[in-house]
Amino acid sequence: MKQSYFVTTALEETWSVHNKIIFADEACCLYDRRHIWEKCDHTIVPHHWRYKKKFEADYDYLTKLYEVKLVELSAKLNVIHNVNYSLKFWRVVIGPWLAYFIHLLFDRWQTVVQSKKNYGTFKTIILLFKDDQATPVDMEDFISKIKSDEWNHIVYSSILELELGKNQIVYKEINKKINKNIKPYKSIKSIVKEKLSSLSYFLSKNNKVFIANSYLNMRDLFTLNFKLGMWPILYKQEKVPENKASYVYRDTIDLNLNIGDDFEKILAHNVKKFIPICYVEGFDAINKKIARLSWPKCPNVIYTANFLFHDTIAMFYTAKHVETGAKLVYGQHGGVYGQALFSWAESHERAISDKYLTWGWQSCSSENIVPIGMINRKKQVVYHEDNKTNLLLVLTSASRYSYRLDASVKKIGLPYITSNFEFANELTTSIRKNDLLIRHHPADNGWGQVSRWNDKYPEVRSDSGSLNISKLLKKSKLVVYTCNSTGYLEYMAQNMPTIVYFNLDSEPLREDAKPFFEKLKQVGIYHETPQSAAKHVNAVWDNIELWWCSSEVQAAKEEFCHNFALDNHNLIEDLNNVFLEVLD
């Protein structure tokens, strides 16, 4: 009888191909390596979040656990660094890392636990990576690592060493290094941008409102700053000072979290190893760098739309100034917000903000919400079919390894890919062969979507993501969006004929958003299945303008956009008033 081996990633050094393989996830099975894994006696573990009730229950559990562990870890770091920062300071600085780490660690742990339950005794091969390959430098490095096979193997290994007996683990030496830093090439254009950025900081060092990564277009950015009597900042992300993890030092400090249930034991065991260097060894160096920055020294207001997730220096800078009284205004930067049944990113942004600017939606549970409209506003067009030929199918992509628990497509892999094939298959042969154009996401993340489409439908045209999508839109009669995300909101706001489909079981909506989607469904804009969307395309293709410009469709579209993709003609004046109110 064959021995079963549990395989955690696509690293083939861990595959015992002559035995039975239990793949932890579909992420292990790369499409371009199917000639290897398809020949193996294998099974793929069904994802534990495929059940809606468990998905929602786990989100509730992990959200509560995050709040408890944020308090614990904040207190520990205050002692370690001999400071007395507030919980809000640490929420801004370590909140995203802690939440992502809790979510991804729980996901991997649940996969191991359920595999033990469903597949009995098995062995696993663990590669002996060095400790410093496990510890991220900062948030930027963390986000890079969580998408890699090597780092996920290290995470799984730390769980398996606690969950399996010693006789079930086979250790293997490995010389491979991960995330090797390569000095980026600097073009003349990038050098000029850096110089202009430095000049803008010099001219804006006394700004009372620090506006950075605002999502405003350049014209709006300059207009708003001039209205506030300031010079605009051309923001450039700063690098974290170099530092290394010291495991000798980490053994001397108290980062031990309290242990309640079984998962908390896993979490407590791993925090010391995986917490980024910037929060431990690099903490003092970052504070010294912030003191030397040419950014505004005493801002009364900080406004951004996205740099408090993956920009370590900006997170520290913001937290320090909020700690001393600065107000934080945060702007919505994409789709799903105000619609998804739950979104950790939205909850976090609302929690740290004094004012939270949405694209139109409101919430009776929050007084700090301001429905300002789309910040990255797009110019509306008067639609005509003339010289437009394409049916543009816009695909998305996501990391093969989940790291944030949200009610969105980011947790879906092969079911998402299959649903798009089902859409293409339901189209008439003529539309599929002559009119369909696939727009792939520039970041494939190892899913092999271009190859899959070329093999499945070699006759269908595609763009790998290299062309500017605005140019593709100008040549398209109709755009079809394949998940609940940002793109279709932008297209509808421009009055571009748009269809969107996604499954409500995998991307559930909150109750107050459902009526708006129901109205889109009644006029053929929103569909719950790819087959329904394709049938509607077949029905209206010969006269898209007649359908899209009808009073019923336009009314439903306008009402939806008013709440989720508002085109605010007074955007700059309203933003100015928000900042003046906060400054008062």
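These figures come from a predicted structure and were not determined experimentally. Position labels on residues start from 1 in each chain and follow its written sequence. With pLDDT at 70 or above as the cut-off, local features in this predicted model cover only qualifying residues; side-chain atom pairs require 80 or more to be listed or tallied, and sums for whole chains, interfaces and linings still use all residues. Only hydrogens and water are set aside; all other atoms, that is, all heavy atoms of the structure, feed into the side-chain values.

Student: Before we move on, could you go through the pattern of salt bridges and cite the residues and values that matter?
Tutor: The term salt bridge refers to a side-chain nitrogen of Lys or Arg lying within 4 Å of a carboxyl oxygen of Asp or Glu. One pass over the structure, following the stated rule, counts 30 salt bridges. A salt bridge links Lys-54 to Asp-58, with the nearest nitrogen and oxygen atoms 2.5 Å apart. With Lys-54 and Asp-58 both in helix α2 (residues 52-80), this residue pair falls 4 residues apart, about one helical turn. With a shortest N-O distance of 2.9 Å, Lys-69 and Glu-264 are connected by a salt bridge. Remark: Glu-264 occurs in helix α9 (residues 262-274) and Lys-69 occurs in helix α2; sequence separation between them is 195 residues. Connected through shared salt-bridge partners, Lys-2, Lys-20 and Asp-41 make up one network. Think of it this way: any DSSP run of H or I at least four residues long counts as a helix, any run of E at least two long counts as a strand, and we number them from the N terminus.

Student: Quick one: what's the story with helix α19 (residues 530-540), residue by residue and with numbers?
Tutor: Within α19, burial applies to Pro-530, Ala-533, Ala-534, His-536, Val-537 and Val-540. Buried residues of α19 fall within an arc of 160° about the axis and therefore sit on the same side. Pointing more than 90 degrees away from the buried face of α19 are the exposed residues Lys-535 and Ala-539. The contact definition used throughout considers only heavy atoms, calling two residues in contact when any of these lie within 4.5 Å. Close packing links the buried residues of α19 with β11 (390-394), α13 (414-426), β14 (476-481), β15 (498-501), β16 (526-527) and α20 (544-548). The classification of residues rests on relative accessible area computed with a 1.4 Å probe and restricted to protein chains. Under 20% of the type maximum is buried, over 50% is exposed, and intermediate values are partly exposed. In this description, the arc belongs to the directions extending from the helix axis to the C-beta atoms.

Student: So, the sheet that holds strand β1 (residues 4-7): which residues are in play, and what are the values?
Tutor: Read across the open sheet, the 5 strands follow the order β3-β2-β1-β4-β5; overall the sheet is parallel. Each edge of the open sheet carries a strand with a single partner, namely β3 (42-44) and β5 (169-173). Each strand axis lies, on average, 30° off the axis of its neighbour in the sheet, ignoring direction. Strand pairing is assigned whenever DSSP identifies at least 2 bridges connecting the two strands. In terms of strand pairing, β1 meets strand β2 (residues 20-23) through 4 bridges, oriented parallel. Residue Tyr-5 lies in a different strand from β2, and its bridge partner there is Ile-21. To obtain each axis, a line is fitted to C-alpha atoms, and for helices this fit is confined to the stretch in contact; angles are then taken between N-to-C directions over 0 to 180 degrees. On the sheet, helix α5 (residues 149-163) packs against β1, β4 (123-128) and β5 and is oriented at approximately 125° with respect to β4.

Student: Run through the packing of aromatic side chains, naming residues and quoting values.
Tutor: Only centres within 6.5 Å qualify two rings of Phe, Tyr or Trp (six-membered ring in Trp) as a pair; their planes then separate them into stacked at under 30 degrees, edge-to-face at over 60, and tilted for everything else. All chains considered together, the criterion is met by 52 aromatic pairs. For the ring pair Tyr-100 and Tyr-403, a centre distance of 5.3 Å and an interplane angle of 65° mean the geometry is edge-to-face. Here Tyr-100, found in helix α3 (residues 87-119), pairs with Tyr-403, found in the loop between β11 and α13; they are 303 residues apart in sequence, far enough to count as distant. Of the two residues, Tyr-100 and Tyr-403, neither departs from the other in class, the shared state being buried. Geometrically, the ring pair formed by Tyr-201 and Trp-295 is stacked, given 6.1 Å between the ring centres and 15° between the ring planes. One end of the pair, Tyr-201, is in helix α6 (residues 188-203); the other, Trp-295, is in the loop between α10 (283-292) and β7 (301-304), and 94 residues separate them in sequence. Take Tyr-201 and Trp-295: they sit in the same class, and that class is buried. Among the aromatic residues, those joined into a cluster by ring pairs are Tyr-85, Phe-89, Trp-90, Trp-97, Phe-101, Phe-142, Trp-151, Phe-274, Tyr-279, Phe-283 and Phe-316. Sitting over a ring, as applied to charges here, requires NZ of Lys or CZ of Arg to be within 6 Å of the ring centre and within 35 degrees of the ring normal. Arg-34 extends its terminal NZ or CZ atom over the ring of Tyr-31, reaching a point 3.8 Å from the ring centre. Sitting over the ring of Trp-541, Lys-477 keeps its end group 4.0 Å from the ring centre.

Student: Break down helix α15 (residues 449-456) for me, citing the residues and quoting the values.
Tutor: When α15 is considered as a whole, its buried residues turn out to be Gln-449, Arg-452 and Trp-453. Projection of α15 onto a plane perpendicular to its axis shows the buried side chains occupying an angular sector of 95°, all on one side. Tucked inside the fold, the buried residues of α15 contact β11, α13 and β12 (436-439).

Student: Lay out the side chain of Asp-138 in plain terms, naming residues and giving numbers.
Tutor: With respect to the helices, strands and loops of the structure, Asp-138 is situated in the loop between β4 and α4 (139-145). Counted charges follow a simple rule, with Lys and Arg positive, Asp and Glu negative, and His plus the chain ends left uncounted. Although Asp-138 is buried, it forms no salt bridge, and the closest oppositely charged side chain is Lys-145 at an N-O distance of 8.1 Å. A polar side-chain atom of Asp-138 sits 2.8 Å from the main-chain amide nitrogen of Asp-141. We define a polar contact as two N or O atoms separated by no more than 3.5 Å, with the added condition that, inside protein, one atom must be a possible hydrogen donor and the other a possible acceptor, whereas residues neighbouring each other in sequence contribute only through side-chain atom pairs.

Student: Can you break down the pairing of β15 residue by residue, with the values?
Tutor: Burial of β15 is two-sided: the residues Thr-498 and Val-500 facing one way and the residues Ile-499 and Tyr-501 facing the other way are all buried. With 3 bridges joining them, β14 and β15 adopt parallel strand pairing. Pairing of Val-479 across the sheet is with Thr-498, part of β15. Handedness of the β-α-β unit built from β14, helix α17 (residues 487-493) and β15 comes out right-handed. Here 2 bridges tie β15 to β16, and the two strands are oriented parallel to one another. Across the sheet, residue Tyr-501 finds its bridge partner in β16, namely His-527. Note on handedness: a crossover is taken as right-handed if, strands pointing away from the viewer, the path from the first strand over the helix to the second is clockwise.

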